[in-house]
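Residues per chain, in single letters:
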Amino acid sequence: MLEIGLNHPLHVRDERLTTRGDACRLLYVSDIHLRNGRSDRLTRQVMDAVIRSSPDVVLLGGDLVDRVSELSKLSGLVGKLREVAPVLAVGGNHDRWLGMPQVREAVMTGGGRWIHDDVARVTHRGRVVTVAGPDTEPPAGGDVRILCAHNPRIWKATRQSGYDLVLAGHLHGCQLVAGEYHDRLFPGALFYPYCFLSHQRGSTRLVVSRGVSDLLPIRWRCPREVVLCHV
């Protein structure tokens with residue numbers, strides 16, 4: 001229940017929007033926070049989680065890198081992920097502080113696709129899964145429509161935009177969790193209204209990842225994780 005440091009394997013959380021046997025498996029990986037002294041360990045943990053999950057697509061959900069020196073490590077990680085599945089990526093606030101163009105270039109150098117202001121369409125067993133970034137209009141068409149974002153506050157503006165799934169991270173579950181009430185994690189929800197794990201409104205589901213890493217690596221009842229979505 002208590003985790004100090006980055007020693008435990010990443011938890012793989014299942015979120016199922018369908019029970020169909022041919023579901024597309026999307027692995028949402030957010031808040032990696034690559035920085036000096038821990039990038040290699042985090043890369044190994046992410047790759048281990050990806051191999052265990054066998055996803056059809058990997059979605060990188062922002063706050064990928066904290067230091068310019070680690071941009072090459074991000075490219076290397078994306079390259080390794082591409083050996084398992086296509087990689088689609090958006091940025092977060094840390095990436096913006098570092099320089100969104102540099103992070104975008106690192107992702108693309110590794111063979112990933114940057115969709116922060118774009119839309120990708122993935123065909124899986126005859127079905128089209130549409131994945132949009134946060135800085136684009138809701139796309140038309142597709143059998144499943146997904147918004148890949150970073151900050152869950154986007155939920156307020158997009159929960160009636162026709163998406164089936166909205167993915168976010170950013171809050172890390174607030175790292176210390178006393179309990180859950182009405183889908184929200186407390187005490188974090190006292191400060192952040194979208195401190196959810198999963199929340200349904202009509203036909204749209206919000207899923208918020210607790211993330212891969214933290215600036216201060218201390219957690220209580222809040223496992224570091226990636227999220228495997230079956231859509």
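The following paragraphs examine the structure supplied in this document.

Cut-offs used in this document
- Residues numbered from 1 in each chain as written.
- Predicted model: local features only at pLDDT ≥ 70, side-chain atom pairs only at ≥ 80, totals over all residues.
- Heavy atoms only, no water.
- Patch = residues over 30% accessible without salt bridge, like charges linked within 9 Å, V, L, I, M, F, W, Y side chains within 5 Å.
- Areas by Shrake-Rupley, 256 points an atom, 1.4 Å probe, with all protein chains shown as cover.
- Salt bridge = Lys/Arg side-chain N within 4 Å of Asp/Glu carboxyl O.
- Helix = DSSP H or I, 4+ residues; strand = E, 2+ residues; numbered from the N terminus.
- Expected span 1.5 Å × (residues − 1).
- Buried < 20%, exposed > 50% of the residue type's maximum accessible area, 1.4 Å probe, protein only.
- Arc of directions from axis to C-beta.
- Contact = heavy atoms within 4.5 Å.
- Polar contact = N/O pair within 3.5 Å; in protein donor to acceptor, adjacent residues only side chain to side chain.
- Pairing = 2+ DSSP bridges.
- Axes fitted to C-alpha atoms, helices over the stretch in contact; angles between N-to-C directions.
- Core = buried A, V, L, I, M, F, W, Y, C linked by side-chain atoms within 4.5 Å.

1. As for a nonpolar patch on the surface
Judged by side-chain polarity, Met1, Leu2, Ile4, Leu176, Leu216, Ile218 and Trp220 come together as a nonpolar surface patch covering roughly 730 Å² of accessible area. The set of elements that each furnish at least two residues to the nonpolar patch consists of β1 (2-4) and β15 (218-220). Positionally, Ile218 belongs in strand β15.

2. Observations regarding helix α2 (residues 71-82)
Compared with an ideal rise of 1.5 Å per residue, which puts 12 residues at 16 Å, α2 spans 17 Å between its outermost C-alpha atoms and is within 8% of the ideal. Buried within α2 are the following residues: Leu71, Leu74, Ser75, Leu77, Val78 and Leu81. Axial view of α2: buried residues confined to an arc of 160 degrees, hence all on one face. Of the surrounding elements, those touching the buried residues of α2 are α1 (39-53), β4 (57-61), β5 (87-90), α3 (93-98) and α4 (100-109).

3. Considerations on the side chain of His33
Summarising the element assignment, His33 is placed in the loop between β3 (25-29) and α1. At 3.5 Å, the side chain of His33 forms a polar contact with the side chain of His172. In this structure His33 touches Arg38, Leu42, Asp63, Leu64, Asp66, His94, His172, Ser213 and Leu215, once residues within four positions along its chain are discounted.

4. A short note on the sheet that holds strand β9 (residues 144-148)
Backbone hydrogen bonds hold the strands of a sheet together, and the pairing may be parallel or antiparallel. Taken in spatial order, the 6 strands of this open sheet run β7-β8-β9-β10-β14-β13, and their pairing is mixed. A strand with exactly one partner marks an edge of an open sheet, and here the two such strands are β7 (119-124) and β13 (198-201). Direction aside, the axes of adjacent strands within the sheet are offset by 20 degrees on average. Note that strand β10 (residues 165-168) and strand β14 (residues 204-208) share 4 bridges and pair parallel. What sits directly across from Leu165, in β14, is Arg205.

5. Quick look at the nonpolar core
Residues Val29, Ile32, Leu60, Leu74 and Leu81 are the most contacted members of the largest nonpolar core, which totals 32 residues. The residues touching Leu60, leaving out its near neighbours within four places in the chain, are Val29, Ile32, Val78, Leu81, Val87, Leu88, Ala89, Val90 and Cys148. Counting 21 residues, the second largest nonpolar core, distinct from the first, contains Leu88, Val90, Leu167 and Cys229.

6. Some points on unusual backbone geometry
The peptide bond linking Phe186 to Pro187 adopts the cis configuration, its omega dihedral lying at 10 degrees. Phi at Cys174 takes a positive value of approximately 60 degrees, unusual for a residue other than glycine. Structurally, the position occupied by Cys174 is in the loop between β10 and β11 (179-181). For Cys174, a relative accessible area of 24% corresponds to the partly exposed category. The backbone phi angle of Asp183 is positive, close to 75 degrees, even though this residue is not glycine. The topology assignment puts Asp183 in the loop between β11 and β12 (184-186). Relative accessible area serves as the criterion here: at 30%, Asp183 is assigned to the partly exposed category.

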